[in-house]
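Residues per chain are reported as follows:
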Amino acid sequence: MQETIDSVVEKVIKGEIQLHEIDNFLEANAAMVARRLAIERLTGSSLPSIGSTILDYAEIKNRNAENVIGAVQVPLGIAGPIKVNGDYAKGDFYVPLATTEGALIASVNRGAKAVTLSGGTRVKIIFDGMTRAPVFKLDNIIDVAEFLNWVKSHYDELKRIAESTSSHGKLISIEPYVLGNNVWLRLVYETGDAMGMNMATIATEKVCEYIEDNFGKARCLAVSGNMCSDKKQSIVNSLHGRGKTVIAEALIPNNVIKTTLKSDKELIHEVNLRKNWAGGARAGTFFQYNAHFANIIAAVFLATGQDMAQVVESSSGYTWTEVRNEGLYISVTLTSLEVGTIGGGTRLPTQREALSIMGVYGSGNPPGTNAKKFAEIIASAVLAGELNLLSALANKELGKAHLKLGRAAKV
């Protein structure tokens with residue numbers, strides 16, 4: 001008998017089939033509806049808003065999510081235009097930000113105005129590489145030394161094995177780390193316009209298989225041994241980079257500080273030193289000597305289909321300021337910005353559109369240029385957000401802004 005949505009829901013309610021098994025009985029989008037209806041009955045809740053979605057589950061199934069019942073919506077705003085003078089991003093850009101935090105978009109928007117009036121940001125990407133670091137177990141340190149020499153002497157072969165798994169992934173280095181009889185090989189890849197985590201993992205698995213087959217004294221215990229380091233704060237990412245290490249800078253003239261930010265360059269600089277650097281050091285924020293990188297990174301990631309968990313390392317970085325005769329120098333250094341313009345959540349409809357606003361959706365020509373352009377735009381938006389928040393703190397405006405834009409209250 002051909003199953004219907006109602007009959008499948010009844011089987012779930014009776015415990016005859018599990019939620020994930022619904023895909024075996026119904027077409028993809030009908031399965032999504034059946035799951036939602038089953039959850040409504042099982043929990044006594046009504047989910048019409050979650051069910052109101054433009055997503056085609058047939059496009060998501062086995063790619064982006066499992067046990068799907070619909071989608072959630074988050075307000076999407078625009079900051080800009082912001083002028084960017086990068087190697088890949090050149091011109092004025094509007095930046096999509098998805099958030100539920102009132103005042104955030106307005107903050108980035110005012111910072112973008114100040115930056116643009118100042119001639120824009122200058123941006124450089126000084127490192128680009130996705131990493132995966134398997135951990136190997138050896139019997140003793142004599143074998144460890146032999147293994148390190150073997151890896152070094154067989155680099156060309158390991159590179160060939162890794163690159164056989166992808167047309168875009170290129171192995172650019174292998175960094176060894178040792179603790180006792182444990183060895184981590186931190187493999188670094190160029191991954192084109194993809195963020196590249198899956199690409200790096202698949203390539204590294206092949207490398208590990210080759211190592212075990214050809215150096216029998218080494219056993220790979222895990223393809224990810226945390227030296228990568230993915231979705232975590234880490235010294236190795238801060239020092240060596242993961243994804244893209246991006247620096248954006250701007251010189252904000254005195255008249256822009258006075259008329260647009262309505263602030264004082266000495267005060268902004270002092271807030272940066274005492275809040276971001278002294279306060280951060282005293283609190284032990286380690287690699288996060290900044291005011292709110294994560295705010296902008298998370299909002300851009302959510303809008304454009306990036307891996308949200310990678311906000312952790314992607315928002316690591318430093319804000320630097322200097323008082324100069326002509327105004328305030330400000331720079332932001334993002335050590336581990338992990339972004340892509342193809343793959344993952346970038347292929348979803350609203351996320352594609354958000355990327356297209358910045359002209360970065362899909363693969364660049366040559367490959368890799370769209371992701372680098374995207375990274376330069378993000379770094380510029382982060383700088384704008386930092387500049388405005390430091391100004392707001394110096395002006396004692398932070399609470400007032402949140403009262404006005406975050407709580408619908410009159411100031």
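Here the residue numbers are simple positions, counted from 1 along each chain's written sequence. Two thresholds apply to this predicted model, a pLDDT of at least 70 for residue-level local features and 80 or more for giving and counting side-chain atom pairs, whereas whole-chain, interface and lining totals are computed over all residues. Hydrogens and water are ignored here; the side-chain numbers use all heavy atoms of the structure.

Participant: Looking at this structure, I do not really get the overall build of the chain. What am I missing?
Facilitator: Across its full length, the chain holds 16 helices and 11 strands. Seen through its C-alpha atoms, the chain measures out along the principal axes to roughly 70 × 65 × 45 Å. Expressed as a percentage of the 411 residues in the chain, the buried residues total 49%. For this analysis, residues touch if any pair of their heavy atoms sits within 4.5 Å. Across the chain, every contact between residues at least 6 apart in sequence was considered, and the portion connecting residues at least 24 apart equals 71%. Each helix is a run of H or I in the DSSP string that is no shorter than four residues. Each strand is a run of E no shorter than two, and both are numbered from the N terminus. Throughout this description, buried means an accessible area under 20% of the type-specific maximum (1.4 Å probe, protein chains only), exposed means over 50%, and partly exposed covers the range between.

Participant: What am I meant to see in the nonpolar core here?
Facilitator: The nonpolar side chains of soluble globular proteins are, as a tendency, buried together. For the purposes of this section, nonpolar cores are sets of buried Ala, Val, Leu, Ile, Met, Phe, Trp, Tyr and Cys residues that join through side-chain atoms within 4.5 Å. With 53 residues, the main nonpolar core has I252 and L337 as its most contacted residues. Look past the residues within four positions of L337 in its chain and what remains in contact with it is R242, G243, K244, V246, I297, F301, S314, A375 and I378. Listed in part, the 27 residues of the second largest apolar core include W150, Y189, Y210 and A218.

Participant: Help me understand helix 15 (residues 369–394) in this model?
Facilitator: Note that an α-helix has 3.6 residues per turn; residues three or four places apart therefore point the same way. Each residue after the first adds 1.5 Å to the expected span of a helix. Its 26 residues give helix 15 an end-to-end C-alpha distance of 38 Å, which sits within 8% of 38 Å, the value for a rise of 1.5 Å per residue. A large share of helix 15 lies buried, amounting to 24 of its 26 residues. Immediately beyond the C-terminal end of helix 15, within one or two residues, lies K396, with a positive phi of roughly 60°.

Participant: How should I be thinking about unusual backbone geometry in this particular structure?
Facilitator: Backbone geometry follows two general trends: most residues other than glycine have a negative phi, and most peptide bonds adopt the trans configuration. With omega at 10°, the peptide bond leading from G80 into P81 counts as cis. With respect to the helices and strands, the residue P81 is situated in strand 1 (residues 76–85). With omega at -5°, the peptide bond leading from C228 into S229 counts as cis. Residue placement: S229 occurs in the loop between strand 7 (219–222) and helix 9 (235–240).

Participant: Looking at this model, I keep getting lost on the packing of aromatic side chains. Mind explaining?
Facilitator: What describes a pair of aromatic rings is the distance from one ring centre to the other and the angle between the planes of the rings. A pair of Phe, Tyr and Trp rings is counted when the ring centres sit within 6.5 Å of each other, with Trp represented by its six-membered ring. The angle between the planes then sorts it: under 30 degrees is stacked, over 60 is edge-to-face, the rest tilted. By the definition in use, this model includes 9 aromatic pairs. Summarising the aromatic geometry, the rings of F286 and F287 are spaced 6.0 Å apart at their centres and angled 40° between planes, so their arrangement reads as tilted. Residue F287 is classed as buried on the basis of its relative accessible area of 16%. Ring pairing ties together the aromatic residues F136, F147, W150, Y210 and F215, which thus form one cluster.

Participant: Help me understand the side chain of H292, please; the structure alone is not making it clear to me.
Facilitator: Positionally, H292 belongs in the loop between strand 9 (288–289) and helix 12 (293–304). When neighbours within four sequence positions are excluded, H292 is seen to be in contact with L104, S107, G385, E386 and L389.

Participant: Sorry if this is basic, but what is going on with the environment of K124 here?
Facilitator: With respect to the element layout, K124 can be found in strand 3 (residues 121–132). By relative accessible area, K124 is classed as partly exposed at 47%. Spatially, the C-alpha atoms of K124 and R347 are 27 Å apart, while their sequence positions differ by 223 residues. If near-sequence neighbours (up to four positions away) are discounted, K124 is found in contact with D87, T245, V246 and I247. Here a polar contact means two N or O atoms within 3.5 Å. Within protein one must be a hydrogen donor candidate and the other an acceptor candidate, and residues neighboring in sequence count only if both atoms are side-chain atoms. A polar contact of 3.1 Å, which involves the side chain of K124, links it to the side chain of D87.

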